Amino acid sequence: MKQRYVDFDVVITHGDAGYSMQLPGHVAPDGQPVSVPFVLPFSPTELATFMVAVGPPRVTSRRLVPVTERVGDVKDLGQRLGDALLTGAVGATFRSEVEAATAAGSNVRLRLDLEGAPDLQPVPWEYLYSADLGRFLTLSNRTPIVRQVKAFGVPPPAVVHPPLRVLVMISSPSDVPALAVDRERQLLEATTKDLVDAGLLEIVVLADATLPALQRALLDPFHVFHFIGHGGFDRELDQGVLVLERDDNTAHRVTGARLGTLLHDARDLQLAVLNACEGARSSGRDAFSGVGQALVRQGLPAVVAMQTEISDRAALVFSHELYSYLTRGLGIDTAICEVRKAMATSDEASEWGTAVLLRSAGATDEPFTFVRTDLAQPDRERRWESLYAAARTALAADANSTAVPILEHLAAERPDDADVTALLERVRPTADPPAAAGAPATAPATTTTRPAPSDPGEESGATSDGRTAAPPSKRLDRRLLVGGGAAALVLVAAVGFALSRGQTPDPTPPPSTSVAPATGTSATTIAGVRTVDLPTTGEPTGALVLPYAVDGDYYSAGGSNQIGPWGAVIDVLRLSGGSRRVATVDQSGLARMTLTDQGGSTLADLGQFESHVEANKGTLFAYVDNGDGNLRVRDLEGTEVAALPNVGVEARVVGFAGPAVFFTSNGATFRWDTKTDRPAEWRQSEMVAFNDSTRTAVGKSDTGCFAVLRVDTPSQATRSLDCEGLDLKGVTGDGRYAIAWSTPTAPDEESKVLLIDVMTGKPAFAVRVPAGASVVQAGYRTSPVPRTLVLSTVTRDGQNRLVGCPTDGTCTILTDPKPTTGDPDAPPPYVISRD
């Protein structure tokens, strides 16, 4: 049953003249070795966007964009990659090899050697499309693509007397985004039950996900190591890691080299399956820094690692088909191609290229040799019935998040099955669970994403089905799996972005809920949250409420149309302690950005376009140029110091962390390291605001709000936020609270503004907004005390008011917004903008 392959090796190296491709064993007509230049056909942003497009769907409909557009994009980008690789002498030689192999009844295996060009490891070669063949290479077992890694001491193939024995480790430490351990087991259990019942497969779950437990377990013979958990790239170690557990159930970041120390001594172990995002990704400098590469280099014959997240639907098909085809005796290359085809035909999404197959360059044989037995493979009907029984069992146990992806898969296979359709319609409305603490889950209950932060040390919380994740029991659960069970006010604009500049964290404890209200509006405590009422009438105080004015040039307040020397003010961003400002103004319908000094003199005209601009501690500022779609970084003089081309005019800069710029595009947030010039997906959701001085970010997804603390540091952590269904708008200047509110949609509808503590994730202070009034901007003043939530509001009759709501007092109207020009008796000018 094993295919015969002729290896077509392509070695890509990077030198002073750029990339070049060589074909070992082939010579050009002039007798010289074949050497052809290679040019990557993607910009860094296009590559990052491509990886988002082929990942799991991120919206309730399970589609980021319509299916036809997703598939079309994959084909277009895949063909560009194919045209770049299979060009010139390389393409001609490949076509000749395919024709000769086909005539001889064999196949061609494309083996990529990227050791000399490790920065090309993140390229999704698995989506390479051949225009000559009219298909994706990896969707045919006649032309598989393998990434080869040089290794020594590769063990001979293992002789397998069924069952194929798989050691499964499901790691969910207490201080990283919680995996629903029971649910992961249930899904694996459901999808492999027919193979287990047939005696072809044995699954052994190592519930104690520690290195010592793994060492003890590997004293028994296993053929496959299957890891489910968090993975990522540790920038401090400059290596890929898997997140295992310590004895106290906290996270243990384990490099591929360290894990390989245990796996390479298990002589029957021939394959590792890493169901953790970024498991195959390297640093771009060391080809073996990725977990998968490191394991192969240490002698493991084959590794299958995920290069992006994988949805539950895709995981169900992947796990079953992989073990089904392996137990049929297919070689690993052929089996992976068949798995890809099954994934491609079971769902119109493009996750079939998510898996990367890494093979040892020293391994000439397939990893397994199966001894033939009289055991029969279960048919499709038995598999369908097995999955249906597992879904019913999950529903009976109120495990809807387990049942939904199984039912979706069954419904896709048999859309006319009335029972499956009825069950799915019953559970879908309630299937979306609350976001797991620490997990900015962007997919619904039907999709379990496994985030891969740059530092995996994140906070824990509820599991994806709403339960608290208990520490796994310290035991080896061996069984055949069967069915069952600086003081400033930072403003949040109405469009939803706000940031502070130059602030330090506020050590003051959260506002007390027992403080008696001061004179003015009433205050109550609702569900432990101090709640005050917004006044709608009263005399203005005439106080200067915001931290600075721009020498009287700007007279802007929420909802008003004030005019400065260059036009109507849209936005003001202060730089370097106030000595520089980036002003965005409206000039007769055209938005212009200008860099000015403290006196208002123009230092640099940044062009006629509207763009969101952010600063890095006041010394650099970044924005997306809506003229050409490039992301630009400039210094205080307006000089461009870095640029990232082609991020697209729809992209938006949201913040800095050290040399890294974060921007959103196409529903995801990307991190661009200005030193390495390589963007990468950071979160599968759009971040709302960054506070660069406290390294705090807040974001929202389909399943709720979240905060990322200590961004881009080894102690980075994610917290789930209870926004009570309100729209997340920004983060306070001290990085202490997220701000959320909603805009009423009916005249008699009340609304609310909420401060959510980013450390606890719980609401800390609320302002009730009566019917007839709306909040258009909000800010948080840390000094002078009392700390105050400042709201710009508009009433039903169009009246604007600025209201201060101390967290330990009651709300008071501060001043009416009006210009100062020609009115010496007016209050001092103030600016509602980001500080």
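Residues numbered from 1 in each chain as written. Predicted model: local features only at pLDDT ≥ 70, side-chain atom pairs only at ≥ 80, totals over all residues. Heavy atoms only, no water.

A. Main features of the side chain of His-320. Summarising the element assignment, His-320 is placed in helix 8 (residues 312-327). Judged by relative accessible area, His-320 falls into the buried class, the value being 2%. The contact partners of His-320, leaving out residues within four places of it in the chain, are Thr-191, Asp-194, Leu-195, Arg-380 and Arg-383. (Helix = DSSP H or I, 4+ residues; strand = E, 2+ residues; numbered from the N terminus. Buried < 20%, exposed > 50% of the residue type's maximum accessible area, 1.4 Å probe, protein only. Contact = heavy atoms within 4.5 Å.)

B. Highlighting the pattern of salt bridges. Counted by the stated rule, this structure contains 26 salt bridges. We note a salt bridge from Arg-183 to Asp-312, for which the minimum N-O separation is 2.2 Å. Placement of the pair is Arg-183 in helix 4 (residues 181-197) and Asp-312 in helix 8, with a sequence separation of 129 residues. Both residues of the pair, Arg-183 and Asp-312, count as buried. With a shortest N-O distance of 2.4 Å, Arg-632 and Asp-628 are connected by a salt bridge. (Salt bridge = Lys/Arg side-chain N within 4 Å of Asp/Glu carboxyl O.)

C. Looking closely at the packing of helix 10 (residues 380-396) against helix 12 (residues 418-427). Between helix 10 and helix 12, whose axes approach to 12 Å, the crossing angle comes to 30°. The way helix 10 lies across helix 12 gives a crossing that is left-handed. Together, Trp-384, Tyr-388, Arg-392 and Leu-395 of helix 10 and Asp-419, Val-420, Leu-423, Arg-426 and Val-427 of helix 12 make up the contact between the two elements. Grouping the constituent residues of the contact of helix 10 with helix 12 by class yields six nonpolar, no polar and three charged. (Axes fitted to C-alpha atoms, helices over the stretch in contact; angles between N-to-C directions. Left-handed = near helix turned anticlockwise from the far one by under 90°. Nonpolar A, V, L, I, M, F, W, Y, C, P; charged D, E, K, R; others polar.)

D. Representation of the pairing of strand 7 (residues 145-149). The buried fraction of strand 7 is high, at five of five residues. Of the two faces of strand 7, the one carrying Ile-145, Arg-147 and Val-149 and the one carrying Val-146 and Gln-148 are both buried. Judged from the three bridges that link them, strand 4 (residues 107-116) and strand 7 form a sheet pairing that is parallel. Across the sheet, Leu-110 pairs through a bridge with Ile-145, a residue of strand 7. In this sheet, strand 17 (residues 355-360) lies alongside strand 7 in parallel orientation, the contact comprising three bridges. By the bridge assignment, Arg-147 is partnered in strand 17 with Leu-358. (Pairing = 2+ DSSP bridges.)

E. Geometry of the sheet that holds strand 27 (residues 613-616). Strands sit in the order 27-28-29-30 across an open sheet of four strands; the sheet is antiparallel. One side of each edge strand has no neighbouring strand; the edge strands of this open sheet are strand 27 and strand 30 (640-644). Taken pair by pair, the neighbouring strands of this sheet meet at an average axis angle of 20°, ignoring direction. By the bridge criterion, four bridges tie strand 27 to strand 28 (residues 620-624) in an arrangement that is antiparallel. Following the sheet pairing, Ala-615 is matched in strand 28 by Phe-621.

F. Spatial organisation of the sheet that holds strand 35 (residues 686-691). Taken in spatial order, the four strands make up an open sheet running 35-36-37-38, and their pairing is antiparallel. Bordering the open sheet on either side are strand 35 and strand 38 (717-721), each of which pairs with just one other strand. Across the sheet, the mean angle separating the axes of adjacent strands is 20° when strand polarity is ignored. Here strand 36 (residues 696-701) runs beside strand 37 (residues 704-709); their pairing, made up of five bridges, is antiparallel. For Lys-700, the partnering residue across the bridge sits in strand 37 and is Cys-705.

G. Here's a closer look at empty space enclosed by the protein. If you add up the space inside the second largest cavity, you get close to 120 Å³. Around the second largest cavity sit 12 residues that line it, and Glu-184, Leu-187, Leu-188, Ala-315 and Ser-319 are the ones nearest its centre. Taken together, the elements giving at least two residues each to the lining of the second largest cavity come down to helix 4, strand 11 (224-228) and helix 8. When its residues are assigned to classes, the lining of the second largest cavity shows five nonpolar, four polar and three charged. (1 Å grid on protein atoms, 1.4 Å probe; cavity = no way out; pocket = protein on both sides within 12 Å on 5 of 7 lines; lining within 4 Å. Points joined across faces, edges and corners; volume = space filled by probe spheres on them.)

H. View of the environment of Arg-297. Topologically, Arg-297 is positioned in helix 7 (residues 291-297). Looking at Arg-297, the relative accessible area reads 47%, which means it is partly exposed. In the structure, Arg-297 is positioned 144 residues away from Gly-153 in sequence and 9.3 Å away in space, judged by C-alpha atoms.

I. Just the confidence of the model for the chain, in detail. When the pLDDT values of the chain are averaged, the result is 76; 75% of them are 70 or greater. Confidence drops under a pLDDT of 50 for residues 429-520, and excluding neighbours within four residues, the segment shows 327 contacts in the predicted structure. Across residues 817-835, where pLDDT falls below 50, the model places 78 contacts with residues more than four positions away in sequence or in other chains. (pLDDT = per-residue confidence, 0-100.)

J. Up close: the side chain of Gln-307. Along the chain, the position of Gln-307 falls in the loop between strand 16 (302-306) and helix 8. In this structure Gln-307 comes out as buried when scored by relative accessible area, which is 6%. Engagement of the side chain of Gln-307 in a polar contact is seen with the side chain of Glu-126, the distance being 3.1 Å. (Polar contact = N/O pair within 3.5 Å; in protein donor to acceptor, adjacent residues only side chain to side chain.)

K. Highlighting the nonpolar core. Ranked by size, the top nonpolar core spans 79 residues in total, and within it Ile-12, Leu-85, Trp-125, Leu-164, Phe-318 and Tyr-323 carry the most contacts. The leading source of residues in this core is helix 8, at seven residues. Residues in contact with Tyr-323, not counting those within four places in the same chain, are Leu-164, Val-166, Leu-195, Leu-201, Val-224, His-226 and Val-273. Ranked by size, the runner-up nonpolar core spans 34 residues in total, among them Leu-263, Ala-266, Val-291 and Ala-305. (Core = buried A, V, L, I, M, F, W, Y, C linked by side-chain atoms within 4.5 Å.)

L. Spatial organisation of the pairing of strand 4. Where burial is concerned, most of strand 4 is hidden: eight out of the 10 residues are buried. As paired strands, strand 1 (residues 5-15) and strand 4 are joined by eight bridges and run parallel to one another. When the bridges of strand 4 are listed, Tyr-5 appears paired with Asn-107.

M. Quick peek at helix 8. When the terminal C-alpha atoms of helix 8 are compared, their 23 Å separation across 16 residues agrees well with the 22 Å that a helix rising 1.5 Å per residue should span. Of all 16 residues that make up helix 8, 16 are buried, and the element is covered over most of its length. Directly after helix 8, the chain includes Gly-329, whose backbone phi takes a positive value near 95°. (Expected span 1.5 Å × (residues − 1).)

N. Region of the structure containing unusual backbone geometry. Pro-162 connects to Pro-163 through a cis peptide bond whose omega is 15°. Among the structural elements, Pro-163 can be located in the loop between strand 8 (158-160) and strand 9 (164-170). Residue Asn-249 is not a glycine yet carries a positive backbone phi of 70°. Looking at the secondary structure, you find Asn-249 in the loop between strand 13 (239-245) and strand 14 (251-255). Residue Asn-666 is not a glycine yet carries a positive backbone phi of 55°. Within the secondary structure layout, Asn-666 lies in the loop between strand 32 (660-665) and strand 33 (668-673).

O. Inspection of the state of the cysteines at higher detail. Evaluation of the coordinates by the stated rule reveals two disulfides. Paired through a disulfide, Cys-705 and Cys-723 show a sulfur-sulfur distance of 2.3 Å. Handedness here is read from the sign of the S-S torsion; for Cys-705 and Cys-723, about -140°, the answer is left-handed. Placement of the pair is Cys-705 in strand 37 and Cys-723 in the loop between strand 38 and strand 39 (727-731), with a sequence separation of 18 residues. Pair check on accessibility: Cys-705 and Cys-723 agree, each one buried. Here Cys-805 is linked by a disulfide to Cys-811, with a sulfur-sulfur distance of 2.1 Å. Judged by the torsion about the S-S bond (110°), the Cys-805/Cys-811 disulfide is right-handed. Across the pair, Cys-811 and Cys-805 agree in class, each one buried. For the chain, the bonded cysteines pair up as 1-2, 3-4 when numbered in the order they occur along the sequence. (Disulfide = S-S within 2.5 Å.)

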